[in-house]
Amino acid sequence: MGAGFIPALAFILIIFIWFTYLCLPTDLFPKTYSIVINDRDGNLLSAGIAADGQWRFPGHDDLPEKFIAAITTYEDKRFYSHNGIDILALGRAIRLNFMEQRIVSGASTLTMQVLRLQREGQARIYSEKIMEMLLALRITLRYDKTEVLRLFASHAPFGGNVVGIEAASWRYFGRSPDNLGWADAAMLAVLPNSPGLIHPGKNREELLTKRNRLLMTLEEKGFMDKSALSLAMDEPIPQNPVPLPRHAPHLLSRMLKQGVGALTPPTGDGAISTTIDGNLQRQLNVLCEKYSEQLSSRGIENLGVLVIETKTGEVAAYTGNGPLDKVRNSYVDMVTATRSTGSLLKPFLYAGMIDAGELLPRQLVLDVPTRMGAYMPENPTHIYLGAVRADNALAQSLNVPAARLLKEFGVNRFYGLLEDMGMNTLIRSADGYGVSLVLGGSEGSLENLVSMYSSLGREILNNSPEKALFNPIYFPDGPAAAAQDSPLHPGSARIVLKAMEELVRPEAEIGWKNFMSSKQVSWKTGTSYGFRDAWAIGVTPGYTVGVWVGNATGEGKPGIQGTKAAAPLLFQVLERLDTQGDFSWPSGMVEAEVCTKSGYLAGPDCPESELILLPPTPGAGRVCPYHRLIHLDPTGNYQVTTKEEAGHRIRQESWFVLPPVAEWYYSRWNIDYTPLPPHKNENKSVDNAPMALPFPTENDEFYIPVDMDGKPGLAVFEVFHREAGRTLFWHLDDDYLGQTTDIHQFELRPKKGPHTLTLVDDRGAVLSRRFTLLSD
């Protein structure tokens, strides 16, 4: 061997290694792609333009046969028989170029065109053509024919800023490549070689001519029959690009912002498959657009709807706002926006107390005027019921019982429970919220709240609190590993959802009742202070649906109320869903005997009792405090002792007795309530009354003079109580005014006409006075 053999061999080896492994980059097209989101069936929901301003969709795995036939016939008829270089076409090109003394044909195969697209910007000179041919051979070693076609179809220009067959199919025909006809496929096969033909003007005729010529060639080669050819040639060229689907624009917007939490896509540049039910999403969008028109007439601009499959936690539909560009602030995503929660957190307080054994479902809770520091909660109805069953208090969304229960349960405990249930929108400490935490003073998003409600249903369906809590799942292979155990027993969740089935409002419509008779749904509404947010969330075994209605700007309107603005849309959505019946009762529940009247555990003095199901919490519930034995005279009209009646003449009877203030309110709404009979020898003289109201006297008539500045004056009412430290509750014509302690003065300016002033002390003593105001 010669001395130069080894260096020559090494040089050849280096060239071989470079040609085989290094002359092509690992990623031929390191481009940015449009973010494309598909529904659960692979259909396009929405897409966003790529970072470089191109509509470049991720590559299509399976190219349609019509397009393969069209592109190979038009661009590279011997594609399947050569190794990247078409020798016959190359010879023809050399002959033509020599005859014309210029480059008129490049003999580029589809493989070589892939290289040209990859090496964009290179001059069309002979040295570059030689490099393309060498690299084409190398591509043939790395990729099979199907992969070469896919590379070309995914990166070829189709006019304007449209790149790739997937984007072109949607932009020009409004459908996926799988649904292209022969005319569509032929037009797209012509465009990469002359992408400028798609622009309006005289080029359209040239494009039509080229397309039809290709169609005739395809018919000649046996790809279609004459009937199909005739139909295809009759189809017009599309005049303008078709708007891309925008079925889930707000979900797309979240993707474009790199995702948040569970929204981080599980894949890279590929089209993102979601859990969205495309048919339901489109129905929901139409429904919301119509409903948005109704809201706009009332000065209400925005809404949001989220539908989650209760069993799986998968998001089935996501409408972040009203129709884009048709209402103000339509690009604000109201599914993720944090707003005042209204009364939506009350069910979790009730569930937490039931789970801890500190509240029974039918237990009477007090509903009386209550002051908590400087704050005095009021019910939406502005009336007090005295005492109300816990489940009814939840169904009626009464604020006073909820505030009293929160004080009993503890704000810090409730705050911790909400966090354990997955609430992630609280921005202050428990002390920073105080009692307002359960009355709408906290912040929540529709996404987070619907997720929390769905968790209640999920643990019932699973019959276990294990792995019942997780963020909404947007992708088929969602973050199941992030699931957490619920702090609540499934029985507690079932009891609360049962109470929510009985939700009733004064404005309830007949249609809602009809719906509830055919489909069971546990639902809750909420309205924020100042009528800024209207909420409605419904839970069924099939789906959990949440609705928010209001103005994204925070502008309040009287019509922004949960029952009036959000609930009707909630039920319209539920009507379109398979709610899958009612929840069953979880196993492991225990029976408890409770007093029929008070809902507490039945005591020895309770005349009637019934059995209820409870979670297996040791020591749950307290014995009824309201039934007690009293001694009556033979007439039953007076309480007596053995000093006043002989023992054999005394009747012993169980009596239902509420605290004095609760009794006064309760008796107004419950005509069957009977106060304790008086003691037989009780002093009934006027002097024994604990309160005195010097002015006005009974049936008094008087004027209130005008002040010196001309403004209407005020009347000062003053009451004197025999016992220091007593609290008085003031009412005018059955409307609660407020309370006083020790010094009992109240300034009033009633309207002209008759009135009744009523005062009740904290022991139940009542003083009423009728009067007539003569001045305007």
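Residues numbered from 1 in each chain as written. Predicted model: local features only at pLDDT ≥ 70, side-chain atom pairs only at ≥ 80, totals over all residues. Heavy atoms only, no water.

(A) Quick peek at the sheet that holds strand E1 (residues 35-38). Spatially, three strands are ordered E2-E1-E5 in an open sheet, and the strand pairing comes out mixed. If you trace the sheet from one side to the other, it starts and ends with strand E2 (44-48) and strand E5 (272-273), each paired once. Of the strand pairs in this sheet, E1 and E5 are connected by two bridges, and their pairing is parallel. The partner of Ile-37 across the bridge, within E5, is Ile-272. Across the sheet, helix H11 (residues 249-256) touches E1, E2 and E5, and the angle it forms with E1 is around 135°. (Pairing = 2+ DSSP bridges. Helix = DSSP H or I, 4+ residues; strand = E, 2+ residues; numbered from the N terminus. Contact = heavy atoms within 4.5 Å. Axes fitted to C-alpha atoms, helices over the stretch in contact; angles between N-to-C directions.)

(B) Highlighting the confidence of the model for the chain. Mean pLDDT for the chain: 85, with 86% of residues reaching 70 or above. No element of the chain has a lower mean pLDDT than helix H20 (residues 510-518), which averages 51, and none a higher one than strand E14 (residues 543-550), which averages 98. In this model, residues 683-687 is a region of pLDDT below 50 whose contacts with residues beyond four sequence positions or in other chains number three contacts. (pLDDT = per-residue confidence, 0-100.)

(C) The packing of aromatic side chains, seen in detail. Summed over all chains, the structure comprises 18 aromatic pairs. Relative to Tyr-736, the ring of Tyr-384 has its centre 5.1 Å away and its plane inclined at 80°; by these criteria the two rings are edge-to-face. With Tyr-384 in the loop between strand E9 (364-367) and strand E10 (386-389) and Tyr-736 in strand E23 (residues 735-741), this residue pair connects regions lying 352 residues apart in the sequence. Per residue, the accessibility class of Tyr-384 equals that of Tyr-736, and both read buried. Ring geometry for Tyr-626 versus Phe-656: centroids 6.1 Å apart, planes at 85°, classification edge-to-face. With Tyr-626 in the loop between strand E16 (609-614) and strand E17 (627-632) and Phe-656 in strand E18 (residues 651-656), this residue pair connects regions lying 30 residues apart in the sequence. For the pair Tyr-626 and Phe-656, a shared accessibility class is recorded, and that class is buried. Each residue in the set Tyr-600, Tyr-626, Phe-656, Tyr-666 and Tyr-673 is aromatic and connected to the rest through ring pairs, giving one cluster. In this arrangement the basic side chain of Lys-145 is found over the ring face of Phe-79, its NZ or CZ atom lying 4.5 Å from the centre. The cationic tip of Lys-597 hangs over the ring face of Phe-656; the distance from NZ or CZ to the ring centre is 5.5 Å. (Phe/Tyr/Trp six-rings, centres within 6.5 Å; stacked < 30°, edge-to-face > 60°. Buried < 20%, exposed > 50% of the residue type's maximum accessible area, 1.4 Å probe, protein only. Lys NZ or Arg CZ within 6 Å of the ring centre and 35° of its normal.)

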